[in-house]
Amino acid sequence: MTPDASLAIEAAGLFKSFGDTKAVDGVDLAVRRGTVYGVLGPNGAGKTTMIRMLATLIRQDAGTARVLGHDILAKADAVRAGISLTGQFASVDEDLTGRENLILIGRLLGLKRKEVKDRAAELLEAFGLSEAGGRLVKTYSGGMRRRLDIAASVVVTPQLMFLDEPTTGLDPRSRNQVWGIIRGLVSGGTTILLCTQYLEEADQLADRVAVIDRGRVIAEGTPAQLKTSVGSGALQVRLLDPDQRTEAAAILVREFGAVSPDTDPAALSATCSDPGRAAAAIAQLAAAGVEITGFSLAQPSLDEVFLALTGHPSAESPDRTASVEENGP
Amino acid sequence: MSVYPASAEPGRATDEAAVRKAIASTVRPPKVSPLSAALTFGWRGMLKVKHVPEQLVDVTITPVMFVLMFTYIFGGAVAGSTGEYLNYILPGILVMSVLFNTVYSGVALNTDLTKGVVDRFRSLPIWPSAPLVGSLLGDSVRYVISGLVILVVGLILGFRPQAGVPGAAAALGLVVIFSFGLSWIFTTLGLVLRSPNAVMNAGFMGIFPLTFLSNVFVDPTTLPGWLEAFVNVNPISILATASRGLMQGKADLWDIGIVLAVAAGLTIVFAPLTTRLYRRG
Ligand SMILES: Nc1ncnc2c1ncn2[C@@H]1O[C@H](COP(=O)(O)OP(=O)(O)O)[C@@H](O)[C@H]1O
Ligand SMILES: [Mg+2]
């Protein structure tokens with residue numbers, strides 16, 4: 001493998017098994033520097049195992065990878081010097097305060113006593129944790145913990161950051177805050193490998209996405225390519241007055257070709273995944289005097305993506321499907 | 001399901017700008033030395049004593065109860081008078097108190113592992129053993145505190161070490177050194193067992209019988225021959241005897257030598273084992 005300087009991660013045939021489970025089964029990856037690369041897959045797909053290999057926490061059984069130009073086995077130290085990891089389960093110390101967590105990491109990374117204090121204060125401020133900074137982390141909400149976790153990962157700005165399911169289990173508000181933080185990191189030039197179970201998250205943040213299932217990459221491309229290959233989501237409109245339904249349906253049929261039957265007399269939905277076209281349709285409705293109380297654009301769920309890509313649902317066991325849905329944003 | 005327009009998120013723009021500003025400002029400092037990394041982890045251990053004092057209190061209260069119970073209930077019967085018995089038993093209980101604390105070193109490590117925080121430590125560009133060595137250094141401070149508590153309780157009850165403060169300090173030092181060695185066994189357990197509770201149970205299942213089958217509480221010459229033989233070779237007995245000697249100003253160098261050798265042996269065997277297990281993850 002000849003190193004390509006424009007790549008932050010370059011992996012070929014990565015393989016790791018636990019007993020009979022092939023957790024990661026021959027993965028190739030190429031992640032450009034300065035981009036966000038999404039790894040999309042259901043529970044148990046192998047996302048965490050992949051991150052743990054790339055972050056030098058476990059050794060692969062086969063295959064090779066270079067992270068920031070360094071071989072992950074031969075030059076693990078050099079890799080560690082340029083990465084940071086925000087694990088799936090908050091990788092902060094619950095028995096310490098938020099501020100102490102940041103100071104701990106800062107000291108370990110070689111910041112001086114004075115520098116590290118200022119740095120912790122600066123980060124707490126930027127991540128909306130100033131007031132909570134002196135409290136023990138075990139009293140934090142899930143969203144606060146996540147933000148602290150990410151703050152701990154940028155005490156010294158990494159070149160490459162691994163984020164493992166940063167918004168799983170968060171409420172929509174916290175999720176949006178985390179997304180804002182990730183966008184900030186990206187615009188600052190950090191490369192991010194983002195594992196997620198949510199197509200919407202990958203769509204919002206990632207430049208490219210690999211879909212993985214049972215340890216294998218089953219699709220790779222930009223989110224737009226992925227969505228096109230999968231088909232689309234749905235625009236749902238709620239009418240103020242159900243009597244305007246026929247009129248509204250005519251407009252949506254003109255825009256999208258068809259409307260789906262809906263049991264709710266005040267609701268209408270049509271197949272659509274393009275926010276631009278959805279907005280145009282809403283404008284049309286307004287122009288025609290149809291009053292609406294709300295609308296939403298739902299993207300295809302991970303299950304639909306999987307069904308489209310593999311012909312089988314994402315989950316192997318029923319309770320796995322349930323947990324994916326429960327945690328859905 | 002996502003609701004558009006997505007920009008209906010109040011703090012978003014400011015979040016992004018603040019984050020961008022915060023991450024723009026840092027230069028990566030040079031790698032820290034192994035010692036400095038370990039000391040930083042020691043500092044973390046100290047913070048835990050401050051924030052979660054319950055653990056230290058738990059393990060210290062039991063030995064204090066033992067001091068009171070044995071001194072007043074059994075003291076008269078076993079050694080003739082409470083004062084005399086206290087002089088015999090206090091160094092032993094000091095040993096017990098500090099040794100109980102070593103189990104918690106394993107419990108704490110296992111707790112770290114079951115949370116995600118070890119993954120972060122292991123992904124940092126530091127000496128890989130620093131978290132382990134640092135925690136044990138921090139734990140040693142915990143050992144000293146729990147030992148001091150017992151000494152103070154003893155002094156209040158009438159314990160009078162003939163060798164005074166230097167003797168008591170030397171005894172405490174020896175106990176802490178031995179505990180440092182012993183705690184490597186528990187950190188190994190902490191890495192092998194599944195839950196903090198399992199570590200605690202296994203730890204106490206080992207340390208309890210060993211403590212009671214030592215000369216901490218009774219003079220072994222009163223025991224049946226086979227038991228006496230075991231009690232006499234039990235390192236905890238030797239440690240207790242050495243501590244008594246140091247406190248009474250008639251330390252046996254041979255005993256002290258054995259204690260130090262056992263501590264070194266435990267460290268030589270279990271420290272690399274712990275480190276290997278820890279690095280492998
Ligand atoms: N340490 C481990 N021991 C045994 N099996 C594991 C271990 N880590 C992961 N696995 C298994 O490997 C597969 C992939 O897990 P993981 O990488 O955690 O997936 P994801 O992060 O996508 O949910 C799962 O079947 C999981 O049970
Ligand atoms: Mg995972």
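It should be emphasised that the depicted structure is a prediction, and the values quoted were computed from it without experimental measurement.

Draft legend 1. Molecular detail of the overall build of chain B. Along chain B, the regular secondary structure elements total 11 helices and zero strands. Order of helices (α) and strands (β) in chain B, N terminus to C terminus: α-α-α-α-α-α-α-α-α-α-α. Overall, chain B is about 85 × 35 × 35 Å in size when its C-alpha atoms are taken along their principal axes. Of the contacts made within chain B by residues no fewer than 6 positions apart, 81% connect residues no fewer than 24 positions apart. Carbon and sulfur atoms provide 71% of the accessible area of chain B, an area that totals close to 12,400 Å². In chain B, 19 positive and 13 negative side-chain charges are present, and the distance between their average locations comes to 11 Å.

Draft legend 2. Summary view of the site of ligand 1. Residues and elements named next belong to chain A. Every residue lining ligand 1 is accounted for by Phe18, Thr21, Ala23, Pro42, Asn43, Gly44, Ala45, Gly46, Lys47, Thr48 and Thr49. Interatomic distance of 2.6 Å between a backbone N/O atom of Gly44 and an oxygen atom of ligand 1. Between ligand 1 and Gly46, the relevant distance is 2.9 Å, taken from an oxygen atom to a main-chain nitrogen or oxygen of the residue. For ligand 1, the protein covers 61% of the area, taking 560 Å² as the surface of the free molecule. Of all the secondary-structure elements, those providing two or more residues to the shell around ligand 1 are β2 (21-32) and α1 (47-54).

Draft legend 3. Quick peek at the confidence of the model for chain B. Residue and element names in this part refer to chain B. Of the residues in chain B, 90% have a pLDDT of 70 or more, and the chain-wide mean is 86. Note that pLDDT drops below 50 for residues 1-11; the model gives that stretch 15 contacts with residues more than four away or on any other chain. The complex model carries a pTM of 0.80, and its ipTM stands at 0.83.

Draft legend 4. Quick peek at the layout of surface pockets. Taken as a whole, the largest pocket holds about 860 Å³ of empty space. A:Arg52, A:Met53, A:Leu57, A:Ile58 and A:Arg59 are, among the 43 residues lining the largest pocket, the residues nearest its centre. In terms of residue count, the dominant contributor to the lining of the largest pocket is α1(A) (five residues). Of the residues assigned to the lining of the largest pocket, the class counts are 17 nonpolar, 12 polar and 14 charged. Of the voids in this model, the second largest pocket is the one considered here, and its volume is about 540 Å³. As for the second largest pocket, its lining consists of 29 residues, of which A:Asp95, B:Lys48, B:Gln55, B:Ala108 and B:Asp112 are closest to the centre. Counting only elements with at least two residues in the lining of the second largest pocket, the list comes to α2 (34-51), α3 (54-79), α4 (82-114) and α6 (130-157) of chain B.

Draft legend 5. Geometry of the sheet that holds strand β3 (residues 36-40) of chain A. Residue and element names in this part refer to chain A. Spatial strand order, β6-β7-β8-β3-β9-β10: six strands in an open sheet with mixed pairing. The open sheet has two edge strands with one neighbour each: β6 (83-86) and β10 (216-221). Each strand axis lies, on average, 15 degrees off the axis of its neighbour in the sheet, ignoring direction. Bridge count between β3 and strand β8 (residues 191-196): five bridges; the pairing is parallel. If you follow Gly38 over to β8, its bridge partner there is Leu194. Its contacts with the sheet put helix α6 (residues 172-187) on β3, β7 (160-164) and β8, and the angle it makes with β8 is roughly 150 degrees.

Draft legend 6. Focus on the domain arrangement of chain A. Entries for chain A in the domain assignment read domain 1 (7-228 + 306-327) and domain 2 (232-299). Its C-alpha centre places domain 1 of chain A at a distance of 37 Å from the equivalent point of domain 2 of chain A.

Draft legend 7. Geometry of empty space enclosed by the protein. Going through the model one piece at a time under the given rule, you end up with three cavities of 30 Å³ or more. What the largest cavity holds in volume is close to 90 Å³. Elements with a minimum of two residues in the lining of the largest cavity: β6 and α5 (142-153) of chain A. Residues of the lining of the largest cavity, tallied by class, amount to nine nonpolar, three polar and three charged. What the second largest cavity holds in volume is close to 40 Å³. Lining the second largest cavity are A:Ser91, A:Val92, A:Asp93, A:Asn101, A:Leu104, A:Ile105, A:Ala152, B:Val117, B:Arg120 and B:Phe121. Elements supplying a minimum of two residues to the lining of the second largest cavity: α3 (98-108) of chain A together with α5 (117-122) of chain B.

Each value, and the rule that gives it
Residues numbered from 1 in each chain as written. Chains lettered and ligands numbered in written order. Predicted model: local features only at pLDDT ≥ 70, side-chain atom pairs only at ≥ 80, totals over all residues. Heavy atoms only, no water. Helix = DSSP H or I, 4+ residues; strand = E, 2+ residues; numbered from the N terminus. Contact = heavy atoms within 4.5 Å. Areas by Shrake-Rupley, 256 points an atom, 1.4 Å probe, with all protein chains shown as cover. Lys, Arg positive; Asp, Glu negative; His and termini not counted. Charge placed at Lys NZ, Arg CZ, Asp CG, Glu CD. Near = heavy atom within 4 Å. Polar contact = N/O pair within 3.5 Å; in protein donor to acceptor, adjacent residues only side chain to side chain. pLDDT = per-residue confidence, 0-100. 1 Å grid on protein atoms, 1.4 Å probe; cavity = no way out; pocket = protein on both sides within 12 Å on 5 of 7 lines; lining within 4 Å. Points joined across faces, edges and corners; volume = space filled by probe spheres on them. Nonpolar A, V, L, I, M, F, W, Y, C, P; charged D, E, K, R; others polar. Pairing = 2+ DSSP bridges. Axes fitted to C-alpha atoms, helices over the stretch in contact; angles between N-to-C directions. Domains from an automatic or database assignment.

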